[in-house]
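Each chain, letter by letter, is given below.
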Amino acid sequence: MKAILTDITKCIGCFECVAACKAAHGLPNDVPREWHRNDGLSAQNWTSIVSKPGSHYIRKQCRHCLEPACVSACPVAALVRTDTGAVIYEPSKCIGCRYCMIACPFGIPRYDWEKAVPYIQKCDMCYDRIIQGKQPACIEACPTQATIFGDRDEMLAEAHRRIKEEPDKYLDRVFGEKELGGLSVLYIGDIDLEFLSYPARSNTPVLPKTTTTAMNAVPPAFVGMGAVMGGLYWFCKRREKVQAETKKDEGAQ
Amino acid sequence: MNRVKTFKSILWAITGLAVAFGTVRMFWGLGAVSNLSDTTPWGIWKGLNVVPGIALAGGGFVVTAIIYIMRRTEFQRYTRITVLLAFLGYITAATALVAELGLPWMVWHPIIYWQHHSALFEISWCVILYLTVLFLEFIPVPLEHTGWLSSIRRFLTKYKLVLVFLGVMISTLHQSSLGTLFLITPEKLHGLWYSSLLPILFFISAVAVGPLMLILAVLVISALYRQPLETDKLAKLGGASAIVLAIFGAIRLIDLLASGKMGSAFDGSWQAIVFLIEFSVGVIIPVVIMSIGRLRRSPAGLWTATSLAVIGLGLHRANCAGIMLVRTGPIYFPTIYEITISLGILSAAIIVFLYCVERFKMWEMPWEDAQEKPAALPQFDRASEVWLGTPRIAGRTVYSLVFVIALAVGVVAISTDRIESAGVRDATVIPARGGDTLFVDGNLDGYGVIFAHEEHVKREGGNQSCVRCHHMNLPLDKNTECAACHRNMYSGADVFRHDWHASPNGGNLACGQCHDQDLERTAATATTCDECHKDMVPVDTRIAIEQYIAPSYADAMHGVCIECHRQKALELVEKEDLGRCAACHTIDAPQYLPENVYHMFRDTSFNHVVMPPITDANSRKEEAY
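Note that residues are indexed from 1 along each chain, following the sequence as it is written. Throughout, the order in which chains and ligands are written sets their labels, letters from A for the former and numbers from 1 for the latter. Where totals are concerned, whole chains, interfaces and linings use all residues; where local detail is concerned, this predicted model gives features only for residues with pLDDT of at least 70, and gives and counts side-chain atom pairs only at 80 or more.

Visitor: Is there a simple way to explain the overall build of chain B in this structure?
Guide: Segments assigned H or I by DSSP are reported as helices when at least four residues long, segments assigned E as strands when at least two residues long, and all are numbered from the N terminus. The helix and strand inventory of chain B stands at 28 helices and six strands. Buried residues are those with 20 or more other C-beta atoms within 10 Å of their own C-beta, exposed residues have 12 or fewer, and partly exposed residues lie in between; C-beta atoms are placed from the backbone. Counting over 625 residues, chain B shows a buried share of 37%. Restricting to contacts in chain B with at least 6 residues of sequence separation, those with at least 24 account for 73%. The contact rule is simple: place each C-beta atom from the backbone, and if two of them lie within 7 Å, those residues are in contact.

Visitor: Help me out: how do you make sense of the overall build of chain A in this one?
Guide: A count of helical and extended segments in chain A gives eight helices and nine strands. Its C-alpha atoms give chain A a radius of gyration of 26 Å, more than 25% over the compact-globule value 18 Å for 253 residues. Projecting the C-alpha coordinates of chain A onto the three principal axes gives extents of approximately 100 × 45 × 35 Å. Split into buried and exposed, the 253 residues of chain A put 45% on the buried side. Residue pairs at least 24 apart in sequence account for 62% of intrachain contacts in chain A once pairs closer than 6 positions are excluded. We compute the radius of gyration from the C-alpha atoms alone; for a globule the expected value is 2.2 Å times N to the 0.38, where N is the number of residues.

Visitor: Sorry, what's going on with helix H5 (residues 79-100) of chain B here?
Guide: Since there are 3.6 residues in each turn of an α-helix, residues three or four apart along the chain are aligned in direction. Working rule for helices: expected span equals 1.5 Å times residues minus one. End to end, H5(B) covers 31 Å across 22 residues, agreeing with the expected 32 Å (1.5 Å per residue, within 8%). H5(B) sits mainly inside the fold: 20 of its 22 residues count as buried.

Visitor: Looking at this structure, I do not really get the interface of chain B and chain A. What am I missing?
Guide: A common measure of how large an interface is: the accessible area buried when the components associate. Listed as interface residues are 65 residues of chain B and, on the opposing side, 67 residues of chain A. Put simply, the parts of the chain that give the side of chain B that touches chain A at least two residues each are helix H1 (3-28), helix H2 (30-33), helix H4 (59-69), helix H6 (109-112), helix H7 (119-138), helix H10 (160-180), helix H26 (581-584) and helix H28 (615-623) of chain B. In terms of residue count, H10(B) provides more of the side of chain B that touches chain A than any other element does, six residues in total. Three categories are distinguished: nonpolar for Ala, Val, Leu, Ile, Met, Phe, Trp, Tyr, Cys and Pro, charged for Asp, Glu, Lys and Arg, and polar for the others, with Gly belonging to the last. Per-class residue counts for the side of chain B that touches chain A are 36 nonpolar, 20 polar and nine charged.

Visitor: Help me understand the pairing of strand E1 (residues 2-7) of chain A in this model?
Guide: Where a strand is regular, its side chains alternate between the two sheet faces. Residue and element names in this part refer to chain A. Within E1, six of the six residues are buried, which leaves the element mostly enclosed by the surrounding structure. Neither face of E1 is left uncovered, since the one carrying Lys-2, Ile-4 and Thr-6 and the one carrying Ala-3, Leu-5 and Asp-7 both have all their residues buried. What makes two strands pair is DSSP finding at least two bridges between them. Bridge analysis of E1 against strand E8 (residues 147-151) gives five bridges, and the strand direction is antiparallel. Following the sheet pairing, Thr-6 is matched in E8 by Thr-147.

Visitor: Teacher, can you tell me more about the packing of helix H3 (residues 44-56) of chain B against helix H16 (residues 336-359) of chain B here?
Guide: All names here are of chain B. Orientation is described by axes fitted as lines to C-alpha atoms, over the contacting stretch for helices, and by angles from 0 to 180 degrees between their N-to-C directions. Where H3 meets H16, the axes come as close as 10 Å, and the angle between the chain directions of the two elements is 10 degrees. On the basis of their axis angle, the class for H3 and H16 is roughly parallel. Contacts between H3 and H16 involve Ile-44, Trp-45, Leu-48 and Asn-49 from the former and Glu-338, Ile-339, Ser-342 and Ile-345 from the latter. An angle counts as roughly parallel when it lies under 35 degrees, as roughly antiparallel when it exceeds 145, as roughly perpendicular when it falls between 65 and 115, and as oblique in every other case.

Visitor: Even after reading the chapter, I still don't get the confidence of the model for chain A, so can you show me in this structure?
Guide: For residues with low pLDDT, the predicted coordinates do not support detailed interpretation. Each residue carries a pLDDT score, the predictor's confidence in it, ranging from 0 to 100. A residue-level look at chain A finds 97% of positions with pLDDT of 70 or above and a mean pLDDT of 88. Taken element by element, chain A is modelled with least confidence in strand E2 (residues 48-52) of chain A, mean pLDDT 83, and with most confidence in strand E5 (residues 87-89) of chain A, mean pLDDT 95.

Visitor: What should I look at first to understand the sheet that holds E1(A) in this one?
Guide: Through backbone hydrogen bonds, the strands of a sheet pair up, either in parallel or in antiparallel fashion. All names here are of chain A. Pairing is mixed in the open sheet, where three strands are placed in the order E8-E1-E9. Each end of this open sheet is capped by a strand with a single partner; those strands are E8 and strand E9 (185-188). Averaged over all pairs of adjacent strands, the angle between strand axes in this sheet comes to 25 degrees, irrespective of strand direction. Its contacts with the sheet place helix H6 (residues 152-165) against E1, E8 and E9, and it is angled at close to 20 degrees to E1.

Visitor: Is there a simple way to think about the packing of H1(B) against H16(B) in this case?
Guide: Residue and element names in this part refer to chain B. Direction vectors running N to C along H1 and H16 enclose 130 degrees, while the axes themselves pass 7 Å from each other. Here H16 runs oblique to H1, going by the angle between their axes. By crossing handedness, the relation of H1 to H16 is classed as left-handed. Here Lys-8, Leu-11, Trp-12, Ile-14, Thr-15, Leu-17, Ala-18, Val-19, Phe-21, Gly-22 and Arg-25 of H1 come into contact with H16, specifically with Tyr-337, Thr-340, Ile-341, Leu-343, Gly-344, Ile-345, Ser-347, Ala-348, Ile-350, Ile-351 and Leu-354. Looking at the contact of H1 with H16 residue by residue, the classes come out as 15 nonpolar, five polar and two charged. Take the far helix as the reference: if the near one is turned anticlockwise from it by less than a right angle, the crossing is left-handed, and if turned clockwise, right-handed.

Visitor: Help me out: how do you make sense of the nonpolar core in this one?
Guide: As a rule of thumb, soluble globular proteins bury nonpolar side chains together. One finds Cys70(A), Cys100(A), Leu186(A), Tyr90(B) and Val209(B) to be the most contacted residues of the largest nonpolar core, which totals 193 residues. A total of 17 residues in this core trace back to one element, the largest contributor, which is helix H11 (residues 198-225) of chain B. Setting aside chain neighbours within four positions, we find Leu186(A) in contact with Ala3(A), Leu5(A), Met155(A), Leu156(A), Ala159(A), Val174(A), Phe175(A), Gly176(A) and Glu177(A). A set of buried Ala, Val, Leu, Ile, Met, Phe, Trp, Tyr and Cys residues, joined through C-beta atoms within 7 Å, is what we mean by a nonpolar core. Counting nine residues, the second-largest nonpolar core is a separate cluster that includes Ala427(B), Val429(B), Ala554(B) and Ala556(B).

Visitor: Explain the environment of Leu183(A) here, please?
Guide: Residues and elements named next belong to chain A. Mapped onto the fold, Leu-183 is located in the loop between H6 and E9. With 26 C-beta atoms counted inside 10 Å, the residue Leu-183 sits in the buried group. Considered as a pair, Leu-183 and Ala-3 are 180 residues apart in the sequence and their alpha carbons are 8.2 Å apart. If we ignore the near neighbours within four places in the chain, the residues touching Leu-183 are Arg-63, His-64, Cys-65, Leu-66 and Gly-176.

Visitor: What am I meant to see in the domain arrangement of chain A here?
Guide: Start and end positions for the domains come from either an automated domain assignment or a database one. Domain annotation for chain A reports domain 1 (2-205) and domain 2 (217-252). Between domain 1 of chain A and domain 2 of chain A, the C-alpha centre-to-centre distance is 58 Å.

Visitor: What is the right way to look at the pairing of strand E3 (residues 56-60) of chain A in this model?
Guide: All names here are of chain A. Within E3, four of the five residues are buried, leaving the element largely enclosed by the surrounding structure. Strand direction decides the pairing type here: E2 and E3, joined by five bridges, are antiparallel. Within the sheet, the bridge partner assigned to Ile-49 lies in E3 and is Arg-59. Hairpin connection between E2 and E3: a loop of three residues separates the two successive antiparallel strands, and Gly-54 in this loop has a positive phi of roughly 85 degrees.

Visitor: Whenever I open this one, the environment of Tyr113(B) confuses me. Can you help?
Guide: Mapped onto the fold, Tyr113(B) is located in the loop between H6 and H7. What makes Tyr113(B) partly exposed here is the crowd of 19 C-beta atoms within 10 Å. When near neighbours in sequence (up to four residues on either side) are disregarded, Tyr113(B) contacts Val76(A), Ala77(A) and Lys93(A).

Visitor: Looking at this model, I keep getting lost on the confidence of the model for chain B. Mind explaining?
Guide: Residue and element names in this part refer to chain B. Across chain B, the average pLDDT comes to 82, with 86% of residues at or above 70. Below pLDDT 50 for its whole length, residues 590-625 participates in 45 contacts with residues either more than four positions away or in separate chains. We note a pTM of 0.83 for the whole complex and an ipTM of 0.91 for its interfaces.

Visitor: Just to check I follow, could you spell out the environment of Ile112(B) for this structure?
Guide: Residues and elements named next belong to chain B. Inspection of the secondary structure assignment puts Ile-112 in helix H6. On the neighbour-count criterion, Ile-112 (8 C-beta atoms within 10 Å) is exposed. Note: C-alpha distance between Ile-112 and Asp-540 (428 residues apart in sequence) is 62 Å.

Visitor: What is the right way to read unusual backbone geometry from this model?
Guide: A negative phi angle characterises most non-glycine residues, just as the trans form characterises most peptide bonds. Its identity is not glycine, yet His64(A) carries a phi of approximately 45 degrees, on the positive side. Relative to the assigned elements, His64(A) resides in the loop between E3 and helix H2 (69-73).

As structure tokens, this is what we get:
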């Protein structure tokens, strides 16, 4: 299981990863559109650099959750979490319902709003490259090794090692280690990265599990409702019969 | 025109407009007609037609269960109307869903690609199955009218109970699953609406409001066609629904109290105000009206209670489906096209509904005046040799005329601008500033490129080299700003000035000098710019001028710089990075800049290239995070 570790203290904000991503996926140049969220990501930009005061540059991309909400939400399994850790998208299955965009807690999936045949657009961790044993295009392009790629356990170990070595430099937290059941894109740095997601509450559940209870209740609810209605039908029918008989009896008397 | 005809003409007009806009949506994509965005992926079609529509069509399973399972045969005459209402409600929801899907022709995919963790997958299946059930429940009515396929009709009528059971069981699933849809957004949905009980709340409210919607439909029909009302029966049905509605309200309140969120209902935020309105309009007022016997049995009371309950439920669903989701961008408001399509789908359904009410035996209630019966055929009176009654053809003529006119208006009303450059932000371009070292930031967003103009002049060969990059200046003018013609950041601009060419003080040209006499006088057939302005396209320039449309500022700048930079990157080994984006789009100001320029563009707190304070640009940047 692979992961990307981004050390934001090393990022110089050169946009090489953005350019490499565009080249690797053949994404067209983007033009600001009315429907873009103002964070640099768009249907033509699968990764972007968010700059923060004090020369802080944070690369934004799909977090490739271990328990992805988008995968659990997609009604046709067009979004799939692979063994490599990458959450990939199969356009041929997609129906365009955009439920993944509602479900994603990070607001990552973007849409081809201007096209008559639109698809969801998001980072696929260069799945084609990593199954060939290569590194994602953005990792290769990074001139300062601010973003690195490897097995998730190794990346976690590396992150903790860096924090341990320079505790004054880093915040003692690996963003993405435990959030929402764990993410495959980890961040360490000297500033708080809460802004990359929605305001996280301490009791934020693992998202796919929120619907599990309700979805598991579906078959019992179907059968149960049938049984209840059957019972009701029997009861009402019986009451009708008894009433009719009582009436008959009264008539006879 | 009588009121029925007027009402139907309005419906046809809205439908016509919606068909025109819907066609545009199908061929030019969602961006051309809607304000949907990456931050608001679901809009009015989901929030008005799909999610509330399915709940309001819930009467189909509730009322049939009351009649056939609970054996309350006194409501039997409403069976057909409630089944029709449900059938059309689901058709409406399905149509809106198809309009909203990015790839509507793939709508059948959930049948073959299974993903049983997804609430939407389950809803798709249930809606497909329940539409089939409703179709089978309703089809005997038109068959009875025509007299065809009587064996199938008899079979379906005989086994109606099976369909009723299936209807109840399937509806239980998807009415509740509509609530499950939003369980996955605990961070996004506002606390007053998010609850782990959402599936149960959605189901109970659908059970409550379904019959109220039926009562509303009956009230509308009776008002439209001046039919007598059986208020006591409607009151009985309404009273029972009000009890369920009260249970819904109670669960909602207890849930809020138990989770400790009740306080936020009174914190004065706009969400809290919407919640209070929704709860009082949708639950408290209808329950109070329905619990007072005298009000319940009066048409006015029924009208108020049912319409308020329907509005309240619609608001609750719309809040869950979009209004109360956390915003990360500008506030979504639907375009006029979206609203029209939304209303058009409803109008088309109402037209079909009224058609069925007029033509088929929807209930045994007699028309008060046989002459008023809309579908009554005119009769030929042999004695006087005239036709009696209104000819049906008149209605059709009016409706088709209205429809066609609306269609035409719709086609004209959709702006071609929206189709061609849908969603491109209009950004006026301003000239670069800075002297020898220019700051090129055409749209004033604070992000730009520092361009060492002086250095480039030196490298290109001094004063003779202007034409290498600056091309086609206006006559006798050597420093026209790029922004004068490349006016928009992202879309091309027409730079041809027809009046200047024709004016006696300008070009003083006769028509025939540019336009061929035999051809239509358009830009396409006229003489091209470079045929006359040979001197204005310098020999040594890098730029090819093809037509009178100046490309956008971004394209023009990139066009000038990139080709040359890439070429130089190949030639000069030590500068292999020259062709990359970051060679010019630096974040930190390059150190080689003269000191004064460096300070001018360098904001100490941000430590990267920004312009001196420009409020608009700064506020836009803040919004991003």
